[in-house]
There are 2 protein chains.
Amino acid sequence: MVTSNDNGNDFDERFAALVSEMPGLEYEREGEIVAERSHDYWARSAIERRLGISAPVASALVRPVDAAQVAAVLGWASRTGTPVVPFGLGSGVCGGVLAGEGQVVLDLGHMNRIVALDEESLTVTVEPGMRGSDFEEELRKRGYTMGHWPQSIEVSTVGGWCATRAAGQFSTWYGNIEDMLLGCEVALADGRLIRIPPVPRAATGPDLRALFLGSEGTLGVFTELTYRIHPAPEKQVCRAYAMPTIDAGFEALRLIMRAGWRPAVTRLYDDIETERNFNIPDTEGRSILFLLSEGAAERIEPEAAAMDTIVRAQGGEDRGTEPVETWLDHRNKVPSWDDLLSGDVVADTIEVAISWDRIGDLYRQVTAAGRAVEGMAAHSGHLSHSYTQGANIYFTFVGLREKLEGAVEFYDAAWDATLAATHALGGTVAHHHGIGRVRKPWLPKELGEAVDVLRALKRTLDPAGVLNPGVLVDPS
Amino acid sequence: MVTSNDNGNDFDERFAALVSEMPGLEYEREGEIVAERSHDYWARSAIERRLGISAPVASALVRPVDAAQVAAVLGWASRTGTPVVPFGLGSGVCGGVLAGEGQVVLDLGHMNRIVALDEESLTVTVEPGMRGSDFEEELRKRGYTMGHWPQSIEVSTVGGWCATRAAGQFSTWYGNIEDMLLGCEVALADGRLIRIPPVPRAATGPDLRALFLGSEGTLGVFTELTYRIHPAPEKQVCRAYAMPTIDAGFEALRLIMRAGWRPAVTRLYDDIETERNFNIPDTEGRSILFLLSEGAAERIEPEAAAMDTIVRAQGGEDRGTEPVETWLDHRNKVPSWDDLLSGDVVADTIEVAISWDRIGDLYRQVTAAGRAVEGMAAHSGHLSHSYTQGANIYFTFVGLREKLEGAVEFYDAAWDATLAATHALGGTVAHHHGIGRVRKPWLPKELGEAVDVLRALKRTLDPAGVLNPGVLVDPS
């Protein structure tokens, strides 16, 4: 196995060989950019940097301009045993990027073009490093949408979405990233490029897209993606409802999904988050439910009417459209860890998922476990993705640690409490942020012996162990 | 590598050891059942048997009663280098089952129970050997449906559906089998059982279900499946339209999908199949289009109305509901190869898929290529699965070979002509029947170097090469 503790001089020699092999390769060896792109948006990294505990910085950053360069860098990495850490825009929140000495950051930022748009078959082909909001804006200019709206859309890339198995806020109609990726090109660790053809559907053996979706840079690097797109929606309708209890909100969403309705957005905030995030009269102690449908008027108007009936039968009271519009205006705001940490606040969000029969228990047991963590100021949750079988809950914890004393221990304890309670109930420990480093100990607990299959995949596709080592799963 | 040419006596010794290790294991060494279950429903096998060219028969058939027995048999197979060929009900049409001397048929027919039904979260857990129609009937008794309706539902199993990446006739609303499988238990070649938990959605690394879906028994054996289900539909509406041209039918379906409508059934028959299969006044030379929606009345009535407008704008003329009802009554009838062959008729169906921008070309180029094959009596097609990006076409070829002379060569030439024309246009050579043996030479053409990843998976998950050898892909 390759580790990042290689001798620095040795690295210099190897890197010099790469640069001489690839004269056109853009790279940096030091400076602010290398430091900034050696990590993602993991709150724990931010705490450690602030405390001066640890701030690893990669030994180099390379910025390929095309798939051939990506493949050549990976081939060199495998031959020389040099770890490579792919970087999109660094919005990951699980420690999926943390590159240190002897490692190379593979910055995909120069691969940011739309390659092709097929207006008849509704597909778009794009390079992996394009910023999500730029991409969606380009589509909108032509009258289309991808329908993928992660909160991070302004600070994440179209390739990072696949690497982490992302889900967007409009997922209940448009699907998650695995429903959107039609075909792709991937650079393998051995320096080869493979293409998985963008066909509507195939039965040509196991779906190879699934190997790389969610592999977090550990099995290959996306160099091109073909996504499904849709005409920009003709109409959008939305409504907020005050629910007597959070359980009434869960039940309303369960019944909406069961009846076959597919609103783009389903969100349900507990009483704490309702009060914290919205200023809505007469909601004290209540949960707020948001429903938003978009598309052809003839499709979404009957949907909105039918959902209204279901929600009212669960005790929902109409609170108009303004709360949803407020959310729409602010939904892409990503909190700044440094702002919070400078106020001694240690916070994070943790998204998990479970079936409907246990979702009320999940909400109660996780928040109870979280509130039992010493120093916890608030532990709350909201639902943001609904399925016929269940939903996710996005938990938010907030602690106050004077001068950040014990901040790391508090952070770890809050995560542990949340994931332990989720796992005990049979939920999944990760709905859409991925595993990275923060959830790595929980993956074997959730998958049992199936994690050995993942380990075997890692050994098979990255025998030198150079693709983003330390993330997701260890080879053995 | 293990081949099936092992010495017979040696097999007897190994099999005796298995039986003595597992005293409760039900097995057969000879007889009609072993012969019948040594092959699937591949037309080419039927031709060869009829011509007396080849009729391989396995050396034994075992019939496990639970997952532990399946796992133990696979473990024995790997240790002793004995090929194992999983068998559901043998409805595959690609030669995915063809077990010969020295090989063991793993008949899953005794694992045929529903294990659990969760009416709140809408999931059902079932053993792999349950017959599809029995399964759907049990669900209906309780008020539910899976929504998976392959033509073979009466002669296929719930596990076989996953092994082959099946698609049902109602797929445009309910999805294909990969959209339905929530979790599973799989026996690996090394004798271990792994479980992939049935959660609504997860971002816990690559989706391991995808490794086994479509693996056709070559990477593992499903021992339990948890599927999504739905309340039985409240209402069903359908309509048939005569289209001026097949292209007008393609365009109507493209626009229906583009607008976000999701009727359960979309079918479009060319003029030949319209005339052959249906007796509809005033359709000579025209294509017939079927649309069927099911679910809540408030959802499907606006859908039917909007689709009607789209179809009429493409020149569609209402032909009422009767043609669709006729199809519904006969849709599970599977043709008997032996009946056809006894009349000197060599026929088969080949399903492929392509994006909308090339579907008209696909129809014309494939039928032209098929009709150029010597001895071709008819080559026709119908569309049966629609997506936002494209659709499948199910081609049917019919040849007349007196006394079946040259029947195998004709059969191979008809397949080659169809797949070559499909591949040349960038379509996929397999929409939902899988690869088996008949499409195996085409897989590397479609996947290019990506097929090496499949080969690597095979070597990793089945190092002894004992899981259904000869199917899908060779290890090297």
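Being a predicted model, the structure only gives us computed values, none of them experimental.

Rules used in this analysis
Residues numbered from 1 in each chain as written. Chains lettered and ligands numbered in written order. Predicted model: local features only at pLDDT ≥ 70, side-chain atom pairs only at ≥ 80, totals over all residues. Heavy atoms only, no water. Buried < 20%, exposed > 50% of the residue type's maximum accessible area, 1.4 Å probe, protein only. Helix = DSSP H or I, 4+ residues; strand = E, 2+ residues; numbered from the N terminus. Arc of directions from axis to C-beta. Contact = heavy atoms within 4.5 Å. Lys, Arg positive; Asp, Glu negative; His and termini not counted. Salt bridge = Lys/Arg side-chain N within 4 Å of Asp/Glu carboxyl O. Pairing = 2+ DSSP bridges. Phe/Tyr/Trp six-rings, centres within 6.5 Å; stacked < 30°, edge-to-face > 60°. Least-squares fit on C-alpha atoms with pLDDT ≥ 70 in both. Buried area = accessible area lost by both parts, 1.4 Å probe. Polar contact = N/O pair within 3.5 Å; in protein donor to acceptor, adjacent residues only side chain to side chain. Nonpolar A, V, L, I, M, F, W, Y, C, P; charged D, E, K, R; others polar. Axes fitted to C-alpha atoms, helices over the stretch in contact; angles between N-to-C directions. Parallel < 35°, antiparallel > 145°, perpendicular 65-115°, else oblique. Left-handed = near helix turned anticlockwise from the far one by under 90°. Expected span 1.5 Å × (residues − 1). Core = buried A, V, L, I, M, F, W, Y, C linked by side-chain atoms within 4.5 Å.

A. Molecular detail of helix H5 (residues 132-141) of chain B. Residues and elements named next belong to chain B. All buried positions along H5 are accounted for by Gly132, Ser133, Phe135, Glu136 and Leu139. The buried residues of H5 all sit within an arc of 160° when viewed along its axis, so they share a single face. Contacts from the buried residues of H5 go to strand E5 (114-118), strand E6 (123-126), strand E7 (144-145), helix H6 (158-163) and strand E10 (221-228).

B. Inspection of the side chain of Arg401 of chain A at higher detail. Note on placement: Arg401 of chain A falls in the loop between strand E18 (390-400) and helix H16 (407-424). It turns out Arg401 of chain A is buried and unbridged, and the closest side chain with the opposite charge, Glu374 of chain A, is 5.5 Å from it.

C. Representation of the pairing of strand E13 (residues 265-269) of chain B in the model. All names here are of chain B. Burial of E13 is extensive: five of the five residues sit out of reach of the surface. Alternating positions in E13 separate into two faces, Val265, Arg267 and Tyr269 on one and Thr266 and Leu268 on the other, with burial throughout. Relative to strand E14 (residues 287-295), E13 runs antiparallel, the two being bridged by five bridges. Within E14, the position partnered with Arg267 by the bridge is Phe290. Two elements, E13 and strand E17 (residues 376-383), share two bridges in a ladder whose sense is antiparallel. The partner of Tyr269 across the bridge, within E17, is His382.

D. Up close: the packing of aromatic side chains. Residue and element names in this part refer to chain A. Enumeration according to the criterion identifies 27 aromatic pairs over all chains in this entry. Relative to Phe170, the ring of Trp149 lies with its centre 6.1 Å away and its plane at 45°, an arrangement referred to as tilted. Here the residue Trp149 occupies a position in the loop between strand E7 (144-145) and helix H6 (158-163), and Phe170 occupies one in the loop between H6 and helix H7 (171-174), the gap between them amounting to 21 residues. Assessed through its relative accessible area of 2%, Phe170 is described here as buried. Between the aromatic rings of Tyr269 and Phe278, the centroid separation amounts to 5.0 Å while the plane-to-plane angle is 70°, which identifies the pairing as edge-to-face.

E. Structural view of the relation of the copies chain B and chain A. Superposition of chain B onto chain A requires a rotation of 180° combined with a translation of 0.0 Å along the rotation axis, giving an RMSD of 0.0 Å. On this basis, the relationship between the two copies can be described by a two-fold rotation axis. In terms of C-alpha distance to the rotation axis, chain B has Ala210 of chain B as its closest residue, with the C-alpha 3.1 Å off the axis. Counting the interface residues of chain B, we find that 100% of their copies in chain A are interface residues as well, pointing to one common contact surface.

F. Representation of the interface of chain B and chain A within the structure. The interface of chain B with chain A comprises 84 residues on the first partner and 84 residues on the second. Both faces considered, chain B and chain A share a buried interface measuring about 6600 Å² in area, 61% of it formed by carbon and sulfur atoms. At the junction of chain B and chain A, the tally comes to six salt bridges. Close ionic contact of Arg192 of chain A with Asp452 of chain B constitutes a salt bridge, the shortest N to O distance being 2.6 Å. For the interface between chain B and chain A, the tally reads 32 residue pairs in polar contact (both at pLDDT 80 or more). For the side of chain B that touches chain A, the element with the highest residue contribution is helix H18 (residues 450-461) of chain B, accounting for eight residues. Across the side of chain B that touches chain A, the residue classes break down as 45 nonpolar, 21 polar and 18 charged.

G. Expanded view of the environment of Tyr227 of chain A. All names here are of chain A. Looking at where Tyr227 falls in the secondary structure, it is placed in strand E10 (residues 221-228). A relative accessible area of 0% means that Tyr227 is categorised as buried. Separated by 142 residues in sequence, Tyr227 and Val85 place their C-alpha atoms 24 Å apart.

H. Structural detail: the sheet that holds strand E4 (residues 104-107) of chain B. All names here are of chain B. One open sheet accounts for four strands, arranged E1-E2-E4-E3; its pairing is mixed. Looking along the sheet, the strands with just one partner apiece sit at the ends: strand E1 (26-28) and strand E3 (84-87). Across the sheet, the mean angle from the axis of one strand to that of its neighbour is 25°, orientation sign disregarded. As paired strands, E1 and strand E2 (residues 60-63) are joined by three bridges and run antiparallel to one another. Bridge pairing in E2 links Glu26 to Arg63. Sitting on the sheet, helix H4 (residues 67-80) touches E2, E3 and E4, and the angle it makes with E4 is about 165°.

I. Up close: the packing of helix H15 (residues 359-371) of chain A against H16 of chain A. All names here are of chain A. Between H15 and H16, the shortest axis-to-axis distance is 8 Å and the interhelical angle comes to 150°. With respect to H16, the axis of H15 lies roughly antiparallel. For the element pair H15 and H16, the recorded crossing hand is right-handed. In this structure, H15 uses Leu362, Gln365, Val366, Ala369 and Gly370 to contact H16, whose residues at the interface are Ala417, Thr418, Ala421 and Thr422.

J. Just H16 of chain A, in detail. Residues and elements named next belong to chain A. The end-to-end C-alpha distance of H16 is 26 Å, a good match for the 26 Å that 18 residues give at a rise of 1.5 Å each. Within H16, burial applies to Ala407, Val408, Phe410, Tyr411, Ala414, Trp415, Ala417, Thr418, Leu419, Ala421 and Thr422. Positive phi appears at Gly426, one or two residues downstream of H16, with a value of about 85°.

K. The arrangement of the packing of helix H10 (residues 246-258) of chain A against helix H12 (residues 297-313) of chain A in detail. All names here are of chain A. Contact geometry of H10 with H12 gives a least axis separation of 9 Å together with a crossing angle of 145°. For H10 against H12, the interelement crossing comes out right-handed. Contacts between H10 and H12 involve Ala252, Leu255 and Ile256 on the former and, on the latter, Met307, Ile310 and Val311. The residue inventory of the contact of H10 with H12, partitioned by class, reads six nonpolar, no polar and no charged.

L. Main features of the nonpolar core. Counting 120 residues, the largest nonpolar core has Phe135, Phe212 and Tyr227 of chain A together with Phe135, Phe212 and Tyr227 of chain B as the members making the most contacts within it. Not counting the four nearest positions on each side in its chain, Phe212 of chain A is found in contact with Cys162, Ala163, Val186, Leu188, Ile194, Ile196, Leu219, Gly220, Phe222 and Leu461 of chain A. Counting residues in each nonpolar core, the second largest holds 56 residues, with Ala43, Ile246, Ile256 and Val352 of chain A among its members.

M. Main features of the environment of Glu275 of chain A. All names here are of chain A. You can see Glu275 is positioned in helix H11 (residues 271-277). Here Glu275 falls in the exposed class, since its relative accessible area comes to 62%. Residues Glu275 and Arg286, spaced eleven residues apart in sequence, show a C-alpha to C-alpha distance of 8.8 Å.

N. Quick look at the pattern of salt bridges. Within this structure, the stated rule accounts for 71 salt bridges over all chains. Look at the salt bridges and you will find they share partners, linking Glu26, Glu28, Arg37, Arg63 and Asp107 of chain A into a network.

O. Up close: the pairing of strand E5 (residues 114-118) of chain A. All names here are of chain A. Judged from the four bridges that link them, E5 and strand E6 (residues 123-126) form a sheet pairing that is antiparallel. Paired with Asp118 across the two strands is Thr123, which belongs to E6. If you look at the hairpin formed by E5 and E6, you'll find four residues sitting between the two strands, and Leu122 has a positive phi there, around 55°.

P. Here's a closer look at the sheet that holds strand E18 (residues 390-400) of chain B. Residue and element names in this part refer to chain B. Strand order in the open sheet formed by seven strands is E15-E12-E14-E13-E17-E18-E16, with antiparallel pairing between adjacent strands. For this open sheet the edge positions go to strand E15 (317-318) and strand E16 (345-355), each flanked by a neighbour on one side alone. Bridging between E16 and E18 involves eleven bridges; their strand directions are antiparallel. Bridge pairing in E18 places Val352 opposite Ile393.

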